[in-house]
Amino acid sequence: MHLILFIIFAVFCIAGAILVIVLRSPVASAISLIFVMCAIAGLFALVGALFVAALQVIVYAGAVMVLFLFVIMLLNIKEELITTDEKRLTRYLGSALGLAFVLEIAYFVRRGLAFGSSSLYLPVPKEFASIELISTGIFTKYLLAFEMTSILLLVAIVGAIMLARGKGRRDT
Amino acid sequence: MSLGLAHFLVLSAVIFSIGVIGVITRRNAIIVLMSIELMLNAANLALVAFSAFRQDPDGQIFVFFVIAVAAAEAAVGLALIMLLFRNRKSINVDDFNLMKW
């Protein structure tokens, strides 16, 4: 049952990811990226990581992708700017490199799993992935990293505003 | 045949590789950013798979931080793209060779 669900989500993920890099229009790419993120959230829920699944849908599929779509709409890119002819050599070289990469990772995963018969336990125990455990970890063991994240987000907000603000309006 | 750790790792590798191919082959800057998001998602998938495998919530805490960094990266990256489009009237990555030499 879990395997069937995994295969369904995996097919959605891979098909969506291929559509992201194949489709010509940025809006269609963004929509299929939202699709991929929802499928990945489904995979998170499948292994019992419910908090991260919710986070994935809210932050990624919600906030970040809305930002992407907003910028795409705002730029109002004309069709000829989108479909600039890509260099043939780059495309073949990139595809070959990506294929070599996936083969490499598959080889090492296979070799690594040869050491012990490792299978993921899917009926997850209750204490795993409980929001209590995660928040305890965040606010005790990783408190410094959490505070640094807040500073990072502040810097990102200020930086984005500084960059996106027009030059002419700087003195107002 | 039951669901194993290898399934998740291979799926993560495939998604990551698709992201790499997107970054290398596409010349539209927004699609390049989306491919980077794809790679970050693949890393998150591997982290959650290991976290469930080891029954350890630390992996999910790392995913939390990765999502925060990815949100910051998307905001700054999109602001940069807007600035570039305003100055150069293009978002083709090949046009941006200002700092090359």
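Remember, it's a predicted structure, so these values are computed and weren't measured experimentally. (Residues numbered from 1 in each chain as written. Chains lettered and ligands numbered in written order. Predicted model: local features only at pLDDT ≥ 70, side-chain atom pairs only at ≥ 80, totals over all residues. Heavy atoms only, no water.)

## Description of the packing of helix H1 (residues 5-25) of chain B against helix H2 (residues 29-54) of chain B
Residue and element names in this part refer to chain B. Where H1 contacts H2, the two axes come as close as 8 Å, and the packing angle between them is 165 degrees. On the basis of the axis angle, H1 is roughly antiparallel to H2. The hand of the H1/H2 crossing is left-handed. Facing Leu5, Phe8, Leu9, Leu11, Ser12, Ile15, Phe16, Ile18, Gly19, Val20, Gly22 and Val23 of H1, the residues of H2 in contact are Val32, Ser35, Ile36, Leu38, Met39, Ala42, Ala43, Leu45, Ala46, Ala49, Phe50 and Phe53. Considered class by class, the residues forming the contact of H1 with H2 number 20 nonpolar, 4 polar and no charged. (Axes fitted to C-alpha atoms, helices over the stretch in contact; angles between N-to-C directions. Helix = DSSP H or I, 4+ residues; strand = E, 2+ residues; numbered from the N terminus. Parallel < 35°, antiparallel > 145°, perpendicular 65-115°, else oblique. Left-handed = near helix turned anticlockwise from the far one by under 90°. Contact = heavy atoms within 4.5 Å. Nonpolar A, V, L, I, M, F, W, Y, C, P; charged D, E, K, R; others polar.)

## Concerning the interface of chain A and chain B
Facing the 81 residues of chain A at the interface are 70 residues of chain B. Of the roughly 6,900 Å² buried between chain A and chain B on both sides combined, carbon and sulfur atoms contribute 80%. Counting every contact that joins chain A to chain B gives 1 salt bridge. Asp58 of chain B serves as the salt-bridge partner of Lys141 of chain A, at 2.7 Å between the closest nitrogen and oxygen. On the surface where chain A and chain B come into contact, there are 6 residue pairs in polar contact (both at pLDDT 80 or more). (Buried area = accessible area lost by both parts, 1.4 Å probe. Salt bridge = Lys/Arg side-chain N within 4 Å of Asp/Glu carboxyl O. Polar contact = N/O pair within 3.5 Å; in protein donor to acceptor, adjacent residues only side chain to side chain.)

## A short note on the layout of surface pockets
Residues and elements named next belong to chain B. Its volume calculated, the largest pocket comes out at about 230 Å³. Looking at the largest pocket, the residues that line it are Leu80, Leu83, Leu84, Asn87, Arg88, Phe96, Asn97, Leu98 and Met99. Among the residues forming the lining of the largest pocket, the class breakdown is 6 nonpolar, 2 polar and 1 charged. (1 Å grid on protein atoms, 1.4 Å probe; cavity = no way out; pocket = protein on both sides within 12 Å on 5 of 7 lines; lining within 4 Å. Points joined across faces, edges and corners; volume = space filled by probe spheres on them.)

## What about the packing of aromatic side chains?
Think of a pair of aromatic rings as described by two things: how far the centres are apart, and how the planes are tilted against each other in angle. Scanning the entire structure with this criterion turns up 7 aromatic pairs over all chains. Here Phe139 of chain A and Phe146 of chain A contribute two aromatic rings whose centre-to-centre distance is 5.0 Å and whose plane-to-plane angle is 75 degrees, an arrangement assigned as edge-to-face. By relative accessible area, Phe146 of chain A is classed as partly exposed at 25%. Among the aromatic residues, those joined into a ring-pair cluster are Phe139 and Phe146 of chain A together with Phe64 and Phe65 of chain B. (Phe/Tyr/Trp six-rings, centres within 6.5 Å; stacked < 30°, edge-to-face > 60°. Buried < 20%, exposed > 50% of the residue type's maximum accessible area, 1.4 Å probe, protein only.)

## Comments concerning the side chain of Asp58 of chain B
Within the fold, Asp58 of chain B resides in helix H3 (residues 58-88). Since its relative accessible area comes to 16%, Asp58 of chain B is described here as buried. If near-sequence neighbours (up to four positions away) are discounted, Asp58 of chain B is found in contact with Lys141 and Tyr142 of chain A.

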